[in-house]
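Listed below, chain by chain, are the residues.
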2 protein chains.
Amino acid sequence: MRLILLGFGVVGQSFVKLLLSHSTDLYNDYGIKPKVVACADNGGIITCDQGLDLDRLLNVKKKKKSIIHYGVKGNRSEILDVIENIDAEVVIELTPTNIVDGEPGKNHIISAMKSGKNVITVNKGPLALEFPSLMELAEYNRIAFKFSGTVGGGTPILEFAKRCLKGDRIISFEGILNGTTNYILSKMYEGLNFSEALQDASEKGYAEKDPTLDIDGYDAVAKLVIASNFVMNMKSTMKDVRREGIRDVKPSQVLNERKKGNAIKLIASCDGKNLVVEPKPASMKDPICVDGILNAITFTCQHSGQQTIIGKGAGGMETASAILRDLIDIRSTIRS
Amino acid sequence: MRLILLGFGVVGQSFVKLLLSHSTDLYNDYGIKPKVVACADNGGIITCDQGLDLDRLLNVKKKKKSIIHYGVKGNRSEILDVIENIDAEVVIELTPTNIVDGEPGKNHIISAMKSGKNVITVNKGPLALEFPSLMELAEYNRIAFKFSGTVGGGTPILEFAKRCLKGDRIISFEGILNGTTNYILSKMYEGLNFSEALQDASEKGYAEKDPTLDIDGYDAVAKLVIASNFVMNMKSTMKDVRREGIRDVKPSQVLNERKKGNAIKLIASCDGKNLVVEPKPASMKDPICVDGILNAITFTCQHSGQQTIIGKGAGGMETASAILRDLIDIRSTIRS
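On a predicted model such as this, the values are computed, not experimentally measured, just so you know. (Residues numbered from 1 in each chain as written. Chains lettered and ligands numbered in written order. Predicted model: local features only at pLDDT ≥ 70, side-chain atom pairs only at ≥ 80, totals over all residues.)

A. Inspection of the overall build of chain A at higher detail. Regarding its fold elements, chain A presents 13 helices and 12 strands. Computed over C-alpha atoms, the radius of gyration of chain A comes to 20 Å, within 12% of the 20 Å expected from 2.2 N^0.38 for 336 residues, which places it in the range of a compact globule. In terms of overall dimensions, chain A has C-alpha extents of about 65 × 45 × 35 Å along its principal axes. Per-residue burial over chain A gives 54% buried out of 336 residues. Sequence separation of at least 24 residues holds for 72% of the intrachain contacts in chain A that already meet a minimum separation of 6. (Helix = DSSP H or I, 4+ residues; strand = E, 2+ residues; numbered from the N terminus. Rg over C-alpha atoms; globule rule 2.2 N^0.38 Å. Buried ≥ 20, exposed ≤ 12 C-beta atoms within 10 Å, placed from the backbone. Contact = placed C-beta atoms within 7 Å.)

Next comes the structure, spelled out in structure tokens:
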């Protein structure tokens, strides 16, 4: 199975480590013999028709910061060329999320689809901005388009909704889809104010230098859009979501709710029509009311009632395990 | 698709209601056109080659207590005869759980398998006592054997483990698998003693007249055996589980743990070798620490970390939705 890997940060490197450590299982259990025939990072793209040496790839990245020093040279402008013209079954798009115009991920995905290659991505930007048109393009080109890792990291939230609830109907869902804000709100529940909690999150490495995407709810909005399209067949994009971040949550509000047995959480909700991300009180007895960096989502179903899935919503190895799941799924539909 | 329905209590009736209310969806989405060609309850068994009238069946049961008054008579001794000799694709075994010898469910299941019929059951007894040999018999006869509703009621715990975590490896799992004891322990957390909490559970309809199966941990043991066999390929039966019920949990212990931020829960655990059901403290911050009649299970995976599923572990319509899921699964593997 020939793979093109676009983006080689923490998730990409974890994925390659998984390929290395699981090569026997992958072949025996699923018939997958992966060959990474091209790999790109900030420095450029390198290709090798026989498959890159994955140990060497990891080493070069670690020691020289970019895979471009692997020995076969290229440059960024060639990426689209490589996607279109190199023989491969799957393009794995792992460039950073950009929720303004979705680039460069969006163009990578579109090129891959148009050249008949299956696509796996954990990049939320292109999906949050253009889910309906990307799905259409995938269907038109009859390729598989998988994005398990975009919602919940390694926690298989999207798969659960599609595969485990057959014969039932999901009426609505709501969830905590961003670990950074949940960590901050958990610390505020313990008595810190917003700035103190944010600083604590930064020190622990849970918040980015510019935490806007998390704090103001954009990351949760992106995940809500993806889940609502995938799970409930909505045709929504980011502009359809009513959004409020946690910047204005006051310690007095938190304390007030705490006295009533509630915690304030950043809740993303979808009832099949309305999409909302906003801070609101949840009962501490509600399974959705998770602590720290956890993510949680509750599906309300017509017959089987409410089902909640909880797990870590991020992490390199966790998200890499979602990519591997997607790859196994694609393998079951194509010949390698 | 021709079905034989053995047992027509709350779950059986809920299932028939689902078949009635979903007949259009079942045909359009999954190609299932169900015909109940035989149905048994305490009164005996009735058969109809063209398919029983399901509305009439529900009415007769409601008004006259047994389906035997439907109009076609039979008696209990004919059940095995019917299972073996009537043309049908699926036998749905819904007689009450018996953890002493598994009967009459065990014989029903064995007869169905030997006559080449697929089997769906929500009856924990036969599986808890003889999981390995029943699976062997199913494989030998090349029939599908499904039991989604035995663990978690409508909550798709078993499916989650098998379908959503591909490419990863479950190292261990632990869970709260019995709603009655969890309700009692939740009330003890609020300050009641064991007898008061048990009485409260009885009044609310959460505890049976003879609550031994729940209180002494047998129900949780049965579910643990089923999950450990299915999820981790163990070859275990009830006798392999170390069991301790909640009868001896003292208010002082509960209070002591509460002060430390913990609650005492009846935890069923499997690490791939040891199977244990016992009351023990769990942090209130742990997602597994659910309130009231909920069930929860946490799978610890090699790469994707810990995943918790929470839902109602019982209920007629919820459990019926699990049977429908199993039926849809079987349909995808056979022609009707």
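B. The relation of the copies chain A and chain B, seen in detail. Aligned on chain B, chain A shows an RMSD of 0.0 Å; the corresponding rotation is 180° and the shift along the axis is 0.0 Å. Here the two chains are linked by the operation of a two-fold rotation axis. By C-alpha distance to the rotation axis, the residue of chain A lying nearest is Ile309 of chain A, at 2.4 Å. Comparing interface residues between copies, 100% of those in chain A also lie at the interface in chain B; the contact surface is shared. (Least-squares fit on C-alpha atoms with pLDDT ≥ 70 in both.)

C. The environment of Cys270 of chain B, seen in detail. Residues and elements named next belong to chain B. Looking at the element boundaries, Cys270 is found in strand β9 (residues 262-270). Cys270 sits 203 residues away from Ile67 along the chain, and the two C-alpha atoms are 41 Å apart. Here Cys270 is in contact with Ser172, Phe173, Leu224, Ala227, Ser228, Met232 and Leu275, once residues within four sequence places are set aside.

D. Inspection of helix α11 (residues 218-232) of chain A at higher detail. All names here are of chain A. Spanning 15 residues, α11 covers 20 Å between terminal C-alpha atoms, matching the ideal 21 Å at 1.5 Å per step. Among the 15 residues of α11, 14 are classified as buried, and the element is accordingly described as predominantly covered. Note on α11: the residue one or two positions beyond its end, Asn233, has a positive phi of about 55°. (Expected span 1.5 Å × (residues − 1).)

E. Spotlight on the sheet that holds strand β2 (residues 35-41) of chain B. All names here are of chain B. Pairing is mixed across the open sheet formed by six strands, whose spatial order is β3-β2-β1-β4-β5-β6. Both edges of this open sheet fall to β3 (44-47) and β6 (145-146), since each of them pairs with a single strand only. Inspection of the sheet shows strand β5 (residues 118-121) paired to β6 by two bridges, in the parallel sense. Considered in β6, the bridge of Ile120 is made with Lys146. (Pairing = 2+ DSSP bridges.)

F. Looking closely at the domain arrangement of chain A. All names here are of chain A. By the assigned domains, chain A splits into domain 1 (2-154 + 316-331) and domain 2 (158-312). In this structure, domain 1 and domain 2 have C-alpha centres spaced 28 Å apart. On the domain 2 side, the residues contacting the 16 residues of domain 1 number 16 residues. It is helix α6 (residues 124-140) that provides the largest number of residues to the side of domain 1 that touches domain 2, a total of seven residues. (Domains from an automatic or database assignment.)

G. Structural detail: the environment of Asn85 of chain B. Assignment of secondary structure puts Asn85 of chain B in helix α4 (residues 79-85). Between the C-alpha atoms of Asn85 of chain B and Lys117 of chain B, which are 32 residues apart in sequence, the distance is 11 Å.

H. Up close: the interface of chain A and chain B. Facing the 34 residues of chain A at the interface are 34 residues of chain B. Secondary structure elements with two or more residues in the side of chain A that touches chain B: α7 (157-163), β12 (305-312) and α13 (316-331) of chain A. Top element by residues in the side of chain A that touches chain B is β12 of chain A. It accounts for eight residues. Of the residues that constitute the side of chain A that touches chain B, the class distribution is 13 nonpolar, 12 polar and nine charged. (Nonpolar A, V, L, I, M, F, W, Y, C, P; charged D, E, K, R; others polar.)

I. Representation of the sheet that holds strand β7 (residues 170-176) of chain A. With mixed pairing, 12 strands are arranged side by side in an open sheet as β8(A)-β10(A)-β9(A)-β7(A)-β11(A)-β12(A)-β12(B)-β11(B)-β7(B)-β9(B)-β10(B)-β8(B). The outermost strands of the open sheet, each flanked by one partner alone, are β8 (241-243) of chain A together with β8 (241-243) of chain B. Direction aside, neighbouring strands of the sheet carry axes that sit 30° apart on average. Taken together, the nine bridges between strand β9 (residues 262-270) of chain A and strand β10 (residues 275-283) of chain A define a ladder with antiparallel strand orientation. Following the sheet pairing, Leu266 of chain A is matched in β10 of chain A by Pro279 of chain A. Docked against the sheet, helix α8 (residues 179-189) of chain A engages β7, β9 and β11 (294-301) of chain A, running at close to 160° with respect to β9 of chain A. Lying over the sheet, α11 of chain A contacts β7, β8, β9 and β10 of chain A, oriented at roughly 50° with respect to β9 of chain A. (Axes fitted to C-alpha atoms, helices over the stretch in contact; angles between N-to-C directions.)

J. Just the environment of Asp286 of chain A, in detail. Topologically, Asp286 of chain A is positioned in the loop between β10 and β11. Along the backbone, Asp286 of chain A and Gly153 of chain A are 133 residues apart, and their C-alpha atoms lie at a distance of 22 Å.

K. Seen up close, the pairing of strand β1 (residues 2-6) of chain A. Residues and elements named next belong to chain A. Counting buried residues in β1 gives four out of five residues, a clear majority hidden from the surface. Inspection of the sheet shows β1 paired to strand β2 (residues 35-41) by five bridges, in the parallel sense. Of the residues in β2, the one forming a bridge with Leu5 is Cys39. Pairing analysis gives four bridges linking β1 to strand β4 (residues 90-93), with the strands arranged parallel. What sits directly across from Leu5, in β4, is Ile92.

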